[in-house]
Amino acid sequence: MASTRLRALDGADIEVSDTDIEAFAGQLRGRLVGPADLDYDEARAVWNGLIDKRPGLIARCTGTADVMAAVRFARAHELLLAVRGGGHNVAGAAVCDGGLVVDLSPMKAIRVNPGAGTVRAQGGVRIGDLDHESQAFGLAVPMGVVSETGIAGLTLGGGYGWLTRKYGLSCDNLLSADVVTADGRWVRAGTGPDDDLDLLWAIRGGGGNFGVVTSFDFRAHPIGPEVYFGFVVHAGSAAGEALRGIRAFIEQAPEGVMSVAVLWHGPPLEQIPAEHHGKPVAIHLAVYAGDPAEGERALRAARDIGNPIADLSGPMRYVDLQRFLDVDYPAHDLRYYWKSRYLSGLPDDLIDLLVQRNEASPSPLNTFEMWSLGGAAARVATQDSAFGDRSAPYLLGVEANWERPEDDTANLAWVREVHADVEPFSTGREYVNFPGFYEDENLVRETFGPNFRRLASLKKRYDPMNLFRLNHNIPPAP
Ligand SMILES: Cc1cc2nc3c(=O)[nH]c(=O)nc-3n(C[C@H](O)[C@H](O)[C@H](O)COP(=O)(O)OP(=O)(O)OC[C@H]3O[C@@H](n4cnc5c(N)ncnc54)[C@H](O)[C@@H]3O)c2cc1C
C-alpha cells in the first residue's frame, strides 16, 4: 500500500498510508498542500527569511471544522504538529520539518459589534485587518506595532503595542475564544456559565500550548481616527543623554503615553540629515492614546529632550501609525533573530552598555528597543492571567535584522552576547514572543514564575501528550 513519510511527535520518521491522507483531505473544506503542489513553497514560507522548514502536509483551514479534523488526524498518527496564525513567530514555530501544519491563514473573518465595543476575529487575522475593520467604527483592539503580524500568536503570548499603558496587553483584552483542544474537541474559553474559565486564564499569555484558537473575542476601545505620534531622532553622539532624558520623561508621563526608545542606525529618510544615515542614532517613538491635541501637550516634554537632529512628530491616522513600521520588517527578504529581557530599571550603566553595543552592531538594521511598561498592563495581578508578573518598568528587545546568510554567525553572536551582558539588569523574565530559537531552557519556567505549576497542570488536563509543543512549551505536569 502506498504511503507518505511524515515526522512523528517524537522526531522519528513514520509512514502514513496515502489512503488515510486522502481520507483526511476529504474531511477538509480547505486544501491539503504537500511538497508536490505548485504552491507548496509559498505555503511553507514564513516571515523570517532565516527559516526554511519543509512540512510534510499543510492543512489550509477554512474554519473550525477543518481545524478539528486536522488536530484529530495529527493526534491519531502522533504527528509533529505546528500551528500557524500570521506566521510571524521569530523562531519559525508556525512551520515544522516533516510534520503537519494547521494553517489558519485563510481564516480572516472579523465582526465588530460597535454597540458592545467588542470585536470577533478568526485565528488567521493580522493586525492590519483588525485595525481596518475596527477603525471604521472608531474602535481599536490593543495589538502590536507592525500591521502584518498575526493577532493569534501575539495575543496568546501577551501583546504589546501603542495602547498597552492605556488599555493593557492584547491578552488582557481577550474576553473569550473558540478553542480546539488536543483531543479535537471544540471548547469555549470564557467567563460565561458554560464556558471554560481555566482555559481562558491559560490562553491569556500561555501561548499555543492548550489548543488551536479558531476565533477570538476582544474588548475594543475608542481611538482615532487620528492620534499624536512622537518621532524624535538624536545623533549617536547624544544617544546616552537622550535615553536619560527619555527615562525621566516616561517616569512622569501620563498613562496614555506609550514610549519605545530605539537605538538603531539612521534610516535614509530625507528629514534626517544625510551624515546620520547608516550611523548610530537614538530614536524616540511615542504615542498618546487619546485626543491628538492632548497628545501634542503630553509629548511636548519628550520633544524638548536634548538637541534632536530630526523631529517628525505630528498627528497621524491610527491605521497609518499601525503601518508606519511595516517597511522596516519585510517578510522573507531579511533574516531575523530576536531575544528580550524584562528590565528592573534603566540605570546609566545599562544605557552606556547599550549605546556602545549599538555602535558595534554587525548590521546597521539591528536595534535595541526599550518599551516603557506600567499603566493598565501593570495593574493585572500576577495570578490573574497566565502571563504572570507585570512589575518590570521596561522590556528590552534585542533585535538582529540582516540580509546575507554569511552574516548569520556574527548577528546571532551579537544578540546572545548582549542578552548575556544585560542579565544583571533584568528581572529574570523574558518576553515569550521574542524568543530567539527557544534555546533557553529556563525561558518558560522563569518567565511564568509562580504561574508555572498551574500552567503545567492545565497542560496535563488539555494536552497530556504535548501535541502542541512547537511554542514556548509548557511540559505537562508529571
Ligand atoms: C515584524 C514583527 C513585529 C512584531 N511586533 C510586536 C509587537 O509590537 N508587540 C508584540 O507583543 N509582539 C510583536 N511581535 C512578536 C509577535 O507577537 C510574535 O511573533 C507572534 O508569534 C506573532 O503571531 P503570529 O500569529 O504571526 O505567529 P505564528 O508564527 O503564526 O505563530 C506563532 C505561534 O503562536 C501559536 N499560534 C499561532 N496561531 C495560533 C492559534 N490560532 N491558536 C493557537 N496557537 C496559535 C503557535 O504556537 C505558533 O507556534 C512582532 C513580531 C514581528 C515578526
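Residues numbered from 1 in each chain as written. Predicted model: local features only at pLDDT ≥ 70, side-chain atom pairs only at ≥ 80, totals over all residues. Heavy atoms only, no water.

## A closer look at the sheet that holds strand 5 (residues 81-84)
Turning to step 1, where the next piece is worked out: Read across the sheet, 4 strands follow the order 3-4-6-5 without closing on themselves; strand pairing throughout is mixed. Every interior strand has two partners, whereas the edge strands, strand 3 (32-33) and strand 5, have only one.
Turning to step 2, where the next piece is worked out: In this sheet, strand 6 (residues 100-103) lies alongside strand 5 in parallel orientation, the contact comprising 4 bridges. From the neighbouring strand, Ala-82 faces strand 6, where its bridge partner is Val-101.
Turning to step 3, where the next piece is worked out: Helix-sheet contacts for helix 3 (residues 64-77) involve strand 4 (57-60), strand 5 and strand 6, and the interaxial angle to strand 6 is about 165°. (Pairing = 2+ DSSP bridges. Helix = DSSP H or I, 4+ residues; strand = E, 2+ residues; numbered from the N terminus. Contact = heavy atoms within 4.5 Å. Axes fitted to C-alpha atoms, helices over the stretch in contact; angles between N-to-C directions.)

## Concerning helix 4 (residues 127-135)
Turning to step 1, where the next piece is worked out: All of the buried residues in helix 4 are Ile-127, Leu-130, Asp-131, Ser-134 and Gln-135. An end-on view of helix 4 places all buried positions within 115° of arc, on one side of the element.
Turning to step 2, where the next piece is worked out: Buried residues in helix 4 make contact with strand 7 (110-113), strand 8 (118-122), strand 9 (139-140), helix 5 (151-157) and helix 11 (318-323). (Buried < 20%, exposed > 50% of the residue type's maximum accessible area, 1.4 Å probe, protein only. Arc of directions from axis to C-beta.)

## With respect to the UniProt feature "domain: FAD-binding PCMH-type" (unreviewed entry) in the protein chain
Turning to step 1, where the next piece is worked out: In this structure's numbering, the residues bearing the UniProt feature "domain: FAD-binding PCMH-type" (unreviewed entry) are residues 50-223.
Turning to step 2, where the next piece is worked out: Within the segment residues 50-223, helix and strand shares are 24% and 25% respectively, and the terminal C-alpha atoms sit 36 Å apart. (UniProt positions renumbered as here; feature names shortened; annotations may be inferred.)

## Comments concerning the state of the cysteines
Turning to step 1, where the next piece is worked out: Summed over the entire model, instances satisfying the criterion amount to 0 disulfides.
Turning to step 2, where the next piece is worked out: Free of any disulfide, Cys-61 has its nearest neighbouring cysteine sulfur in Cys-96, separated by 13 Å. (Disulfide = S-S within 2.5 Å.)

## Looking at the environment of Ala-177
Turning to step 1, where the next piece is worked out: Assignment of secondary structure puts Ala-177 in strand 10 (residues 174-180).
Turning to step 2, where the next piece is worked out: Judged by its relative accessible area of 0%, Ala-177 falls in the buried class.

## Some thoughts on the pattern of salt bridges
Turning to step 1, where the next piece is worked out: A full pass over the atoms with the stated rule returns 34 salt bridges.
Turning to step 2, where the next piece is worked out: Among the salt bridges present, the one from Arg-60 reaches Asp-103, with a minimum N-O distance of 3.1 Å. In this pair, Arg-60 is assigned in strand 4 and Asp-103 in strand 6, connecting sequence segments 43 residues apart.
Turning to step 3, where the next piece is worked out: Arg-300 is the partner of Glu-296 in a salt bridge, and the nearest nitrogen-oxygen pair spans 3.2 Å.
Turning to step 4, where the next piece is worked out: On the basis of relative accessible area, Glu-296 is assigned to the partly exposed category, the value being 27%.
Turning to step 5, where the next piece is worked out: What makes Arg-300 partly exposed here is its relative accessible area of 36%.
Turning to step 6, where the next piece is worked out: Through salt bridges that share partners, Glu-296, Arg-300, Arg-303, Asp-304 and Asp-311 make up one connected network. (Salt bridge = Lys/Arg side-chain N within 4 Å of Asp/Glu carboxyl O.)

## Section: the environment of Leu-285
Turning to step 1, where the next piece is worked out: Tracing the chain through its elements places Leu-285 in strand 16 (residues 280-288).
Turning to step 2, where the next piece is worked out: In the structure, Leu-285 is positioned 27 residues away from Leu-312 in sequence and 10.0 Å away in space, judged by C-alpha atoms.
Turning to step 3, where the next piece is worked out: Those residues within four positions of Leu-285 in sequence are excluded, and the remaining contacts are Trp-162, Phe-229, Gly-230, Phe-231, Met-258, Ser-259, Val-260, Val-262 and Leu-325.

## Section: the site of the ligand
Turning to step 1, where the next piece is worked out: In the vicinity of the ligand lie 34 residues, with Gly-85, Gly-87, Asn-89, Tyr-160 and Tyr-431 positioned nearest.
Turning to step 2, where the next piece is worked out: In the environment of the ligand, an oxygen atom lies 3.3 Å from a nitrogen or oxygen atom belonging to the backbone of Leu-154.
Turning to step 3, where the next piece is worked out: Summarising the interface, the protein chains cover 98% of the accessible area of the ligand, which totals 940 Å² for the free molecule.
Turning to step 4, where the next piece is worked out: Considering every element that reaches the shell around the ligand, the biggest residue donor is helix 5, with 4 residues.
Turning to step 5, where the next piece is worked out: Across the shell around the ligand, the residue classes break down as 19 nonpolar, 14 polar and 1 charged. (Near = heavy atom within 4 Å. Polar contact = N/O pair within 3.5 Å; in protein donor to acceptor, adjacent residues only side chain to side chain. Areas by Shrake-Rupley, 256 points an atom, 1.4 Å probe, with all protein chains shown as cover. Nonpolar A, V, L, I, M, F, W, Y, C, P; charged D, E, K, R; others polar.)

## Here we look at the packing of helix 12 (residues 348-359) against helix 13 (residues 408-422)
Turning to step 1, where the next piece is worked out: Running from N to C, helix 12 and helix 13 cross one another at 170°; their axes reach a closest spacing of 11 Å. On the basis of the axis angle, helix 12 is roughly antiparallel to helix 13. When helix 12 is examined against helix 13, the residues Leu-350, Leu-353, Leu-354 and Arg-357 are found in contact with a partner set consisting of Trp-414, Glu-417, Val-418, Asp-421 and Val-422. (Parallel < 35°, antiparallel > 145°, perpendicular 65-115°, else oblique.)

## What to know about the environment of Pro-393
Turning to step 1, where the next piece is worked out: Checked against the element boundaries, Pro-393 lands in the loop between strand 20 (367-372) and strand 21 (394-402).
Turning to step 2, where the next piece is worked out: Assessed through its relative accessible area of 33%, Pro-393 is described here as partly exposed.
Turning to step 3, where the next piece is worked out: Counting along the chain gives 18 residues from Pro-393 to Gly-375, while the straight-line C-alpha distance between them is 9.7 Å.
Turning to step 4, where the next piece is worked out: Contacts of Pro-393, omitting those with residues within four sequence positions, involve Leu-343, Ser-344, Gly-345, Trp-371, Ser-372 and Leu-373.

## Observations regarding the domain arrangement of the protein chain
Turning to step 1, where the next piece is worked out: Taken domain by domain, the protein chain consists of domain 1 (3-103), domain 2 (110-222) and domain 3 (226-425).
Turning to step 2, where the next piece is worked out: Facing the 10 residues of domain 1 at the interface are 16 residues of domain 2.
Turning to step 3, where the next piece is worked out: For the pair domain 1 and domain 2, the summed buried surface comes to about 1100 Å²; carbon and sulfur atoms form 66% of the total.
Turning to step 4, where the next piece is worked out: Here domain 1 and domain 2 share 0 salt bridges between them.
Turning to step 5, where the next piece is worked out: In this assembly, domain 1 and domain 2 are joined by 4 residue pairs in polar contact (both at pLDDT 80 or more).
Turning to step 6, where the next piece is worked out: The biggest single contributor to the side of domain 1 that touches domain 2 is helix 3, with 6 residues.
Turning to step 7, where the next piece is worked out: Taken together, the residues that form the side of domain 1 that touches domain 2 break down as 4 nonpolar, 4 polar and 2 charged. (Domains from an automatic or database assignment. Buried area = accessible area lost by both parts, 1.4 Å probe.)

## Digging into the nonpolar core
Turning to step 1, where the next piece is worked out: Residues Tyr-160, Trp-162 and Trp-371 are the most contacted members of the largest nonpolar core, which totals 43 residues.
Turning to step 2, where the next piece is worked out: Those elements that place two or more of their residues in this core are strand 14 (226-235), strand 15 (257-265), strand 16, helix 11 and strand 19 (335-343).
Turning to step 3, where the next piece is worked out: Domain assignment of the residues forming this core places at least three in each of domain 2 (110-222) and domain 3 (226-425).
Turning to step 4, where the next piece is worked out: Sequence-distant contacts of Tyr-160, that is, excluding residues within four places in its chain, are made with Met-143, Gly-144, Val-145, Leu-169, Tyr-342, Trp-371, Leu-373, Phe-387, Leu-395 and Tyr-431. (Core = buried A, V, L, I, M, F, W, Y, C linked by side-chain atoms within 4.5 Å.)

## What about the sheet that holds strand 10?
Turning to step 1, where the next piece is worked out: Spatial strand order, 7-8-12-10-11: 5 strands in an open sheet with antiparallel pairing. Two strands lie at the open edges of the sheet, namely strand 7 and strand 11 (186-189), each paired on one side alone. Each strand of the sheet is rotated relative to its neighbour by a mean of 10°, with strand direction disregarded.
Turning to step 2, where the next piece is worked out: For strand 10 and strand 12 (residues 212-219), the ladder comprises 6 bridges, and the chain directions are antiparallel.

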